[in-house]
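Structural overview for review
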Amino acid sequence: MSSQNTTVAQGRCLPFTKMQGLGNDFMVVNAIEQPFDYPSATIQRWADRHFGIGFDQLLVVEPAQQDSVDFRYRIFNADGSEVQQCGNGARCFARFVVDKGLTEKKEITVETASGIIVLYVEDSGWVRVNMGTPNFAPQSLPFVAGTQAERYLLDVDAESVEIGAVSMGNPHAVLLVEDIAKAPVDNLGKTLESHNAFPERVNVGFAEKIDNSHIRLRVYERGAAETLACGTGACAAMVVLRLWQLVDDRVTVTLPGGDLTIEWNGDVDSPVWMTGPAITVFEGEIEV
Ligand SMILES: N[C@@H](CCC[C@H](N)C(=O)O)C(=O)O
């Protein structure tokens, strides 16, 4: 994760599209035709829900750096930090490049800071994403945990909290809770996000099992606080619960903003699939 600190031309107006995937909302910018820099302070100003556009993440469409890839997909949290992956954003990215006529393909390959992912725009307008393989190695998050395990006990404020840990390109801690409505998302989520066992911070998911094919989930996102949905968080929760043999290979994940379908067969060499909606809210321009 890194922050950008370059200067940009003042007084310029930047066209953007406001999009959302299950209420996880985004400012999407075509930087192929209008390259610009992303100082953290500017992103924070744009992300502000009272003084700016208001969004959880800024998504930037750039030219691919490799021949076999269609686009480069860059992601910035509302706090201005650049991150490796964003699942709901990936679906919006796919709809953006198709709706704007930047590609005629319905199978779109994109580079992210954590590798290549493939996006499939379905006839219904929903998007199915090959999110790549989950990585349970602690160093992949990074997570200072000693040896790899299915479950870890973490000391938090004199208590011991059981978590699963996985990288979906970005880092996730997952906790199982009895009642999602009572989950301490604001307090424990915020504390764990910056726990010293996660040197690059972490996204924190609270999952309640409904049955073998249905879980409820709330996520305290690194750099954005609790969001209405987190795509990589849904993948992380599903694979951790699948690893713990609590769910089947195909699971509906109900987030505050709606449902995602997540599929993973339990094989660490198999990819995780995510399917869900991606919606354009409005178009606008903002002063850089
Ligand atoms: N909302 C996203 C995840 C965005 C990045 C995350 N906050 C991080 O810092 O890793 C999603 O839908 O996956």
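These numbers were taken from a predicted model, which means no experiment stands behind them.

Definitions and cut-offs
- What you see as residue numbers is a count from 1 along each chain, following the sequence as written.
- Where local features are concerned, this predicted model is filtered to residues with pLDDT of at least 70; where side-chain atom pairs are given and counted, the filter is 80 or more; whole-chain, interface and lining totals use all residues.
- UniProt positions are given in the numbering used here, feature names are shortened, and annotations may be inferred rather than shown by experiment.
- Helix and strand assignments come from DSSP, with helices taken as H or I runs of at least 4 residues and strands as E runs of at least 2, each series counted from the N terminus.
- Two residues form a contact once the distance between their C-beta atoms, set from the backbone, is within 7 Å.
- With C-beta atoms placed from the backbone, the exposure class of a residue follows from how many other C-beta atoms lie within 10 Å of its own: 20 or more, buried; 12 or fewer, exposed; in between, partly exposed.
- What the arc covers is the set of directions going from the helix axis to the C-beta atoms.
- Placing a C-beta atom from the backbone of each residue, we mark the residue near a molecule or strand if the atom is within 6 Å of it.
- Each residue gets one of three labels, nonpolar for Ala, Val, Leu, Ile, Met, Phe, Trp, Tyr, Cys and Pro, charged for Asp, Glu, Lys and Arg, and polar for the others, Gly among them.
- Domain start and end points were adopted from an automatic or database domain assignment.

1. Focus on the UniProt feature "active site" (unreviewed entry) in the protein chain
Per the UniProt record, "active site" (unreviewed entry) is annotated on Cys-86 and Cys-230. Across 145 residues of sequence, these annotated residues stay compact in space, with a maximum C-alpha separation of 7.8 Å. In this structure, Cys-86 sits in the loop between β6 (81-83) and α2 (87-99). Sequence-distant contacts of Cys-86, that is, excluding residues within four places in its chain, are made with Gln-57, Ile-75, Gly-231 and Thr-232. Not counting the four nearest positions on each side in its chain, Cys-230 is found in contact with Asn-24, Asn-88, Asn-203, Val-219 and Glu-221.

2. Quick notes on helix α1 (residues 40-47)
Buried within α1 are the following residues: Thr-42, Ile-43, Trp-46 and Ala-47. Along the axis of α1, the buried residues cluster in a sector spanning 130 degrees; they form a single face. On its buried side, α1 packs onto β3 (24-30), β4 (57-63), β5 (71-77) and β19 (279-287).

3. Some remarks on the UniProt feature "binding site: substrate" (unreviewed entry) in the protein chain
UniProt annotation of "binding site: substrate" (unreviewed entry) refers to Asn-24, Gln-57, Asn-77, Gly-87, Asn-88, Asn-170, Asn-203, Glu-221, Arg-222, Gly-231 and Thr-232 when read in the numbering used here. Apart from the residues within four sequence positions on either side, Asn-88 is in contact with Gly-21, Leu-22, Asn-24, Ala-229, Cys-230 and Gly-231. Of note, Arg-222 is situated in the loop between β14 (214-221) and β15 (225-227).

4. Re the environment of Trp-46
The residue Trp-46 is located in helix α1 in this model. Its 24 C-beta neighbours within 10 Å are what place Trp-46 among the buried residues. Considered as a pair, Trp-46 and Leu-58 are 12 residues apart in the sequence and their alpha carbons are 9.0 Å apart. Ignoring any residue separated from it by four or fewer positions in sequence, one finds Trp-46 in contact with Met-27, Gly-52, Ile-53, Leu-58 and Ile-286.

5. Structural notes on unusual backbone geometry
The omega angle of the peptide bond from Leu-141 to Pro-142 is 0 degrees, so this bond is cis rather than trans. Residue placement: Pro-142 occurs in the loop between β9 (127-130) and β10 (152-156). Within the chain, Arg-201 stands out as a residue other than glycine whose phi angle is a positive 65 degrees. Looking at where Arg-201 falls in the secondary structure, it is placed in the loop between α3 (185-193) and β13 (203-211). In this structure Arg-201 comes out as buried when scored by C-beta crowding, with 21 C-beta atoms within 10 Å.

6. Some remarks on the site of the ligand
If you check the shell around the ligand, you find 19 residues, and the closest are Asn-88, Asn-170, Arg-222, Gly-231 and Thr-232. The set of elements that each furnish at least two residues to the shell around the ligand consists of α2 and α4 (231-243). Along the lines of polarity and charge, the residues of the shell around the ligand split into four nonpolar, 12 polar and three charged. Residue assignment places the shell around the ligand across two domains, with domain 1 (2-131 + 278-287) and domain 2 (138-270) each supplying three or more.

7. Observations concerning the domain arrangement of the protein chain
The domains assigned to the protein chain are domain 1 (2-131 + 278-287) and domain 2 (138-270). Distance from the C-alpha centre of domain 1 to the C-alpha centre of domain 2: 24 Å. Contacts between the two partners involve 21 residues from domain 1, matched on the other side by 20 residues from domain 2. Secondary structure elements with two or more residues in the side of domain 1 that touches domain 2: β6 and α2. Per-element accounting of the side of domain 1 that touches domain 2 gives the leading share, three residues, to α2. The class makeup of the residues in the side of domain 1 that touches domain 2 is six nonpolar, 13 polar and two charged.

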